[in-house]
Amino acid sequence: MLNDAAQSSHHRIANLIRYIGPKERTAEDLDYIYEELLHIKALSHLSNSVKRELASCIQFESREKAGTILFKQGDEGNSWYIILKGSVNVVIFGKGVVGQLHEGDNFGQLALVNDAPRAASIILRDERCHFLRVDKEDFNRILRDVEAKTERLKENGKDVLVLEKLSKSDGSQSNKYTVMAGTPEKMVEYLLDSCVDCRDDDERDYFVEDFFVMFNVFLSIDKLCSLLMSYYHEAVKLEDGLDLKATEQKKIRVVRAVLRWVDLIPQKMGEEYELEEFIEKLRSALYDDGMLSLLAQFERGIDASKCHTFNKSNNRSSRSSLGTFQKSSSRYSTYDDMPSESQSEKIRREPLVPTTEVKFKIFYPDQSYCTLRLPIITPVSEITKQASEKLGIPPEETVIFELKSTNEVVRFKDTDTCILTALSNNGRLFCSPKDSIDKIKPMQEQEGPNTSSFNELEIMSSRELALQMTIYDFELFNCVYESELIISIFKKDKFPGKIVGNLDCFLARFNEVQNWVITEICLTSLLSKRVHLLRKFIKIAQHCRDFQNMLAFFGIIMGLSNIAVSRLSQTWEKLPNKFRKLFKEFETLLDPTRNHRSYRLAMSKQDSPFIPFMPLLMKDMTFIYEGNKTIIDGLINFEKMHMIANTIRYIRYARKEPFIADNLPVVKNRGDIRRYVRQMQVIDNQRTLSQLSHRLEKRE
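Thresholds applied
Residues numbered from 1 in each chain as written. Predicted model: local features only at pLDDT ≥ 70, side-chain atom pairs only at ≥ 80, totals over all residues. Heavy atoms only, no water. Axes fitted to C-alpha atoms, helices over the stretch in contact; angles between N-to-C directions. Helix = DSSP H or I, 4+ residues; strand = E, 2+ residues; numbered from the N terminus. Parallel < 35°, antiparallel > 145°, perpendicular 65-115°, else oblique. Contact = heavy atoms within 4.5 Å. Nonpolar A, V, L, I, M, F, W, Y, C, P; charged D, E, K, R; others polar. Pairing = 2+ DSSP bridges. Core = buried A, V, L, I, M, F, W, Y, C linked by side-chain atoms within 4.5 Å. Buried < 20%, exposed > 50% of the residue type's maximum accessible area, 1.4 Å probe, protein only. Phe/Tyr/Trp six-rings, centres within 6.5 Å; stacked < 30°, edge-to-face > 60°. Lys NZ or Arg CZ within 6 Å of the ring centre and 35° of its normal.

**Student:** Outline the packing of helix H7 (residues 207-214) against helix H26 (residues 638-654), listing residues and values.
**Tutor:** At a minimum axis separation of 9 Å, H7 and H26 run at an interaxial angle of 90°. Relative to H26, H7 is oriented roughly perpendicular. On H26, the residues that touch Phe-207, Glu-209, Asp-210, Phe-211, Val-213 and Met-214 of H7 are Phe-638, Met-641, His-642, Ile-644, Ala-645, Ile-648, Arg-649 and Arg-652. The class makeup of the residues in the contact of H7 with H26 is nine nonpolar, one polar and four charged.

**Student:** Could you give an account of the sheet that holds strand S14 (residues 357-363), naming the residues involved and the relevant values?
**Tutor:** Across the sheet, five strands lie side by side as S15-S14-S18-S16-S17; this open sheet has mixed pairing. At either end of the open sheet lies a strand with only one pairing partner, and these are strand S15 (369-375) and strand S17 (409-411). Neighbour-to-neighbour, the strand axes of the sheet open up by a mean angle of 40°, direction not taken into account. Its contacts with the sheet place helix H14 (residues 380-391) against S14, S15, strand S16 (398-403) and strand S18 (428-433), and it is angled at close to 145° to S15.

**Student:** Account for the side chain of Thr-178, naming residues and giving values.
**Tutor:** Secondary-structure assignment places Thr-178 in strand S11 (residues 173-182). Discounting residues that sit within four places of it in the chain, Thr-178 has contacts with Val-162, Leu-163, Glu-164, Leu-166, Asp-205, Phe-207 and His-642.

**Student:** So what's going on with the nonpolar core? Residues and values would help.
**Tutor:** Grouped together as the largest cluster of nonpolar side chains are 161 residues, with contacts concentrated most on Leu-54, Phe-211, Leu-282, Trp-516, Ile-556, Leu-560 and Met-614. For this core, the element with the most residues is helix H18 (residues 501-522), which contributes ten residues. For Leu-54, the residues in contact, after removing those within four places along its chain, are Leu-37, Leu-43, Leu-46, Trp-80, Val-134 and Ile-142. Residues Phe-360, Ile-400, Ile-419 and Leu-423 belong to the second largest nonpolar core, which totals 21 residues.

**Student:** Kindly report on the packing of aromatic side chains, identifying the contributing residues and their values.
**Tutor:** Scanning the entire structure with this criterion turns up 34 aromatic pairs. Note on Phe-363 and Tyr-369: the rings are 5.6 Å apart at their centroids and 55° apart in plane angle, and the pair reads as tilted. We classify Phe-363 as buried; its relative accessible area is 3%. Residues Phe-554 and Tyr-599 carry aromatic rings whose centres are separated by 5.1 Å and whose planes lie at 85° to one another, so their mutual orientation is edge-to-face. A residue pair is termed long-range when its members are at least 10 positions apart, and Phe-554 in helix H20 (residues 550-561) and Tyr-599 in helix H24 (residues 593-603) qualify at 45 residues. Comparing Phe-554 with Tyr-599 shows no difference in burial state: the two are buried. These aromatic residues form a ring-pair network of at least three members: Tyr-190, Phe-207, Phe-211, Phe-212, Phe-215, Phe-218, Trp-261 and Phe-638. The ring centre of Phe-477 lies 5.1 Å from the NZ or CZ of Arg-655, which sits over that ring.

**Student:** Give me the sheet that holds strand S8 (residues 129-135): which residues, what numbers.
**Tutor:** Spatially, S1-S8-S3-S6 is the arrangement adopted by the four strands of the open sheet, whose pairing is antiparallel. With partners counted over all chains shown, the strands left at the sheet margins are strand S1 (59-63) and strand S6 (106-107), one partner each. Two strands pair when backbone bridges link them, and strand S3 (residues 79-85) and S8 are joined in this way by six bridges, in the antiparallel orientation. Within the sheet, the bridge partner assigned to Trp-80 lies in S8 and is Val-134.

The following block contains the structure:
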């Protein structure tokens, strides 16, 4: 899927560059080209400054015939090429073909950098090859301009820190720098020496904030704490003794840095306990050094940042409180009993943590099942061991897997954790002998409902449905820790002991809403009732947009755009023009052209709180991860960290303010609506939905 998206990106940028020359490109064109260049792997080693400059001069070149010589060995190097489509042979005199280059590869850069003749000939292997081309004059100008605003700190002849000048709000150059790359140790040193004392202004550098959000990618928390404490204890020496003032300033900087770090903790997960231990060491050091005034300032900062909530969370039972995880269902459950109506009105979902106890409901080949109460982070190997004991088969002969309603089997690795939240809407966990997997079929309950809930929906207010969906979606959204986004993008196996369960639940909600819309319409046999449902869903979508719940809004509109619904021409023909126009307007926000520009422009005007369309943000971060190297020339590519942290900052802003529904009218069935939106029954098998659709309106 990601490769398809990358190819789509190549196609989009080729079309734009082909028809708009460098001199005709508007500021909007340049922004769009720059965004697309971020997705091209051949440019992953270049800084964003270089990519932004390339947007103004990069050109498109097409060659039609295989066998065409693009350039010959010994020719002057005039251009650098990136292959968008097709492949080429690399040919050296006397040796013949020495290599092949394919889509995403680049060539010709060395001759430009060294001002040397071409070292090989390039000959097309395929018909209709497409290239991006940067000419020598532009290439050299960009390198000169970027190098002019870059500072490099070297040790033993090697770069250890790369800085780039910040730009002011008016576009002019500042005298301040931000970190683009460096070793972990040098970045920590620079953060303490040069950043923690800075105040916010129109040249704001997010390095400190981004460092504490992203450091887990390249630095363990133990190592970071060790570096901070070493800096704290480091004495500044003069010829005639110690510089007491400078030594004291180092301690102050460490305190300030830790307070900045602590301030981000409510939105992170997994490092609270290690950080609390380090805070205790820092308290002791401040006390032992007699820095009581600084200690008091430190304590006030800790209290202000609500770091004391660590102790509360430590004292909380690791078992998830009633109603805080997910609806109780045959899929899985965290509760022994469902709450009463009065209780359920007061319950609010709380985030999953690795020690949260949940019930694993595991089915056997005969469709009997067992339940295991275990921490959600329990690895598959342990789940298999306990489930196989009840089955009476040795664990080494048993396998745990997900069986989807489509009969697709999803196998897990022994080391996989948090598998409950990774299940599809109607997926179930099964335990069986390894040689029996192919014989197991989905259970009837996995098929989903067989009747529409039209009668229930008919008496429910569209606005109240949208409101209760938004309240629930905000609960899911607010449970997602920022670190889960990083873990998901940088791959879970690199973060042992961490989970992404809250993010899984939030993303699954989008699929649930989408399938809910399709299910209800495809199960409604009467044409008049289907038309009524179309109107209702469009009104719910409108209210969701008004509540700034873009996850539910997109879920509903994509559900209505699904082929099983969109093909129902008789139903759509009966829809009043007012609703057709409204639906068309909503569809424009789904337009993927120019990197979903319509949606991004609409969201740029939103004030907190709002729920963004998270799948698109996940795609953005994945492209950043895939299109930019994490380590370049032995240094951490912190520009990549800046870009991912910027998306996380956007998510943080989205939920900066709480969602509060004011002036609510009296709704007698509010409790019923609340329960309904939290326990949606759906069909998640597209083939089944398509069959239902064709029964409603046969193909003409």
